[in-house]
Amino acid sequence: MRKKLIIIIYVILIILFLNFIIQIPYVIKYNAGNKLYNEGKYKEAKNEYLESLKFYPKKEHECKIRINLALSILKNISFGDNDYTKLINFNSARRSTYRK
């Protein structure tokens, strides 16, 4: 009985560790995007957020990434030049673009 309990605990720990390892790539890209955004490099930040979404983060993290993606896209729009073609790219922040 004790051996079964130890095996179950090890299996749970391995599953938790693997879940953590899988999530690391999107966190790295997300943090890089935040750093670039804070430096005013909005186009580069947008690219990092898009890369982060390719790792299929958990739902609550995906929402944060998409919000930051939308903000970085908005920062690239210059309304003074009447350049509204950049608004089309705003759709990339929507969820339906990546998952079907």
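None of the values given here were measured: they were computed from a predicted structure.

**Some points on the overall build of the chain**
Summing up its helical and strand segments, the chain has three helices and zero strands in all. Evaluated residue by residue, the chain yields a buried proportion of 25% over its 100 residues. Taking as baseline every contact in the chain between residues at least 6 positions apart, the subset at least 24 positions apart corresponds to 48%. Summing over all exposed atoms, the chain offers an accessible surface of approximately 7,500 Å²; the carbon and sulfur share of this is 65%.

**Structural notes on the pattern of salt bridges**
Summed over all chains, the structure comprises five salt bridges. Where E48 meets K29, a salt bridge forms, and the shortest distance between an N and an O atom there is 3.6 Å. Here K29 lies in helix α1 (residues 2-38) and E48 lies in helix α2 (residues 42-53), a separation of 19 residues in the sequence. Measuring nitrogen to oxygen at the nearest pair gives 3.5 Å for the salt bridge that ties E39 to K41. We classify E39 as partly exposed; its relative accessible area is 40%. Taking relative accessible area as the criterion, K41 reaches 39% and is therefore assigned partly exposed. Because the salt bridges share partners, they merge into one network encompassing K35, E39 and K41.

**Description of the environment of I67**
Mapped onto the fold, I67 is located in helix α3 (residues 59-75). Counting along the chain gives 18 residues from I67 to Y49, while the straight-line C-alpha distance between them is 9.7 Å.

**A few points about α2**
Under the 1.5 Å per step criterion, the end-to-end length of α2 is 17 Å for twelve residues, consistent within 8% with the ideal 16 Å. A45, K46, E48, Y49, L50, S52 and L53 are the residues of α2 that are buried.

**Describing the confidence of the model for the chain**
When the pLDDT values of the chain are averaged, the result is 79; 73% of them are 70 or greater. Confidence, expressed as mean pLDDT per element, reaches its minimum in the chain at α1 with 84 and its maximum at α2 with 91.

Rules of the game
Residues numbered from 1 in each chain as written. Predicted model: local features only at pLDDT ≥ 70, side-chain atom pairs only at ≥ 80, totals over all residues. Heavy atoms only, no water. Helix = DSSP H or I, 4+ residues; strand = E, 2+ residues; numbered from the N terminus. Buried < 20%, exposed > 50% of the residue type's maximum accessible area, 1.4 Å probe, protein only. Contact = heavy atoms within 4.5 Å. Areas by Shrake-Rupley, 256 points an atom, 1.4 Å probe, with all protein chains shown as cover. Salt bridge = Lys/Arg side-chain N within 4 Å of Asp/Glu carboxyl O. Expected span 1.5 Å × (residues − 1). pLDDT = per-residue confidence, 0-100.

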